[in-house]
Amino acid sequence: MREKLVATAAPLFPDLSVVRVQCRLDEDETDLDALLNLFQSAAMATAEHEMQRPILPQSWQRTFDDVGVALLALRSDVLAVSSVVARDVAGIETPLPVHAWRLARGKDLILFDGWPVGAVEVDVSFSCGAWTVETVPDAIRQWVLIRVATALRNSEEVIQGASAVAMLPRSHVDGLLDPWRRYA
């Protein structure tokens, strides 16, 4: 199986004003905007990894080559499947009609009749995301903001005169994601 991100999610804090407040930066301090956006993106990716679910809508394509498997696992919180396309050994693509498959449990694609004859790969294009920018729970928003501010404060791998920064123990901040975590 291979996958690629087709369209990234929008930033959780597009105008950065709330991020600047969290980082204790003046509103007119825009020279760090590129760095704040990078930290925000990294914090979102980490939160998604920790919770095992996408936060904001994004588009993906997964290519499956497990010929014969009729249950194809996508990402969590699938909003819609836009296309399912089978490919044969010659590279000829055949779109599967909507009645040939069904999305189950918001993450699994079921092929009713199995793989088309001669297919060696199936591409599934889909969008997924648990919330919109307006509906992301406050605890997740707070977690991202704290991670951005922490990254800005500790933007070097080594503190001068000390050894490498050690892993921090689980904290209250890490617990903010717990209600939205997915386990297998």
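In short, a report on the structure. None of these values were measured; they are calculated from a predicted model. (Residues numbered from 1 in each chain as written. Predicted model: local features only at pLDDT ≥ 70, side-chain atom pairs only at ≥ 80, totals over all residues. Heavy atoms only, no water.)

### What about the sheet that holds strand S3 (residues 71-73)?
Item 1. The three strands lie next to each other as S3-S7-S6, forming an open sheet whose pairing is antiparallel. Edge positions in the sheet fall to S3 and strand S6 (101-104), since each of these pairs with one other strand and no more. Put simply, the sheet's adjacent strands are angled 25 degrees from each other on average, direction ignored.
Item 2. Both S3 and strand S7 (residues 108-111) contribute to a ladder of three bridges, which runs antiparallel. For Leu72, the partnering residue across the bridge sits in S7 and is Leu109. (Pairing = 2+ DSSP bridges. Helix = DSSP H or I, 4+ residues; strand = E, 2+ residues; numbered from the N terminus. Axes fitted to C-alpha atoms, helices over the stretch in contact; angles between N-to-C directions.)

### Re unusual backbone geometry
Item 1. Even without glycine at this site, Leu16 takes up a positive phi of about 65 degrees.
Item 2. Mapping Leu16 onto the fold places it in the loop between strand S1 (2-7) and helix H1 (17-22).
Item 3. One non-glycine residue, Arg24, adopts positive backbone phi at about 60 degrees.
Item 4. Tracing the sequence through the fold places Arg24 in the loop between H1 and helix H2 (33-51).

### Some details on the pairing of S6
Item 1. In this structure, S6 lies alongside S7, joined through four bridges in antiparallel fashion. Looking at the pairing, Leu103 lines up with Leu109 of S7.
Item 2. Adjacent in sequence and paired antiparallel, S6 and S7 are bridged by three residues, among which Arg105 carries a positive phi angle near 55 degrees.

### Quick notes on the layout of surface pockets
Item 1. The computed volume of the second largest pocket comes to approximately 580 Å³.
Item 2. Around the second largest pocket, the lining is made up of 23 residues, and of these Ala45, Glu48, Pro54, Gln58 and Arg75 lie nearest the centre.
Item 3. For the lining of the second largest pocket, the elements supplying multiple residues, two or more each, are H2 and strand S2 (58-64).
Item 4. When residues in the lining of the second largest pocket are grouped by element, the largest group, seven residues, is from H2.
Item 5. The residue inventory of the lining of the second largest pocket, partitioned by class, reads 10 nonpolar, eight polar and five charged. (1 Å grid on protein atoms, 1.4 Å probe; cavity = no way out; pocket = protein on both sides within 12 Å on 5 of 7 lines; lining within 4 Å. Points joined across faces, edges and corners; volume = space filled by probe spheres on them. Nonpolar A, V, L, I, M, F, W, Y, C, P; charged D, E, K, R; others polar.)

### Considering the packing of aromatic side chains
Item 1. Scanning the entire structure with this criterion turns up one aromatic pair.
Item 2. Ring geometry for Trp131 versus Trp180: centroids 6.4 Å apart, planes at 80 degrees, classification edge-to-face. You can see Trp131 sitting in the loop between strand S8 (119-128) and helix H3 (138-153) and its partner Trp180 sitting in the segment after helix H4 (172-175), a full 49 residues away along the chain. With respect to class, Trp131 is no different from Trp180; both count as buried. (Phe/Tyr/Trp six-rings, centres within 6.5 Å; stacked < 30°, edge-to-face > 60°. Buried < 20%, exposed > 50% of the residue type's maximum accessible area, 1.4 Å probe, protein only.)

### Quick word on the environment of Asp33
Item 1. Tracing the backbone shows Asp33 in helix H2.
Item 2. For the pair Asp33 and Leu152, spaced 119 residues apart in the sequence, the C-alpha separation amounts to 11 Å.
Item 3. Those residues in contact with Asp33 that sit more than four places away from it in its chain are Leu16 and Arg20.
Item 4. Separated by 2.5 Å, the side chains of Asp33 and Arg20 make a polar contact. (Contact = heavy atoms within 4.5 Å. Polar contact = N/O pair within 3.5 Å; in protein donor to acceptor, adjacent residues only side chain to side chain.)

### Observations regarding the sheet that holds S1
Item 1. An order of S1-S2-S8-S4-S5 is seen for the five strands of this open sheet, with the pairing classed as antiparallel. Whereas interior strands pair on both sides, the edge strands pair on one side only; in this sheet they are S1 and strand S5 (93-95). When the angles between neighbouring strand axes are averaged without regard to direction, this sheet yields 25 degrees.
Item 2. Looking at chain direction, strand S4 (residues 78-88) and S5 are connected through three bridges and run antiparallel.

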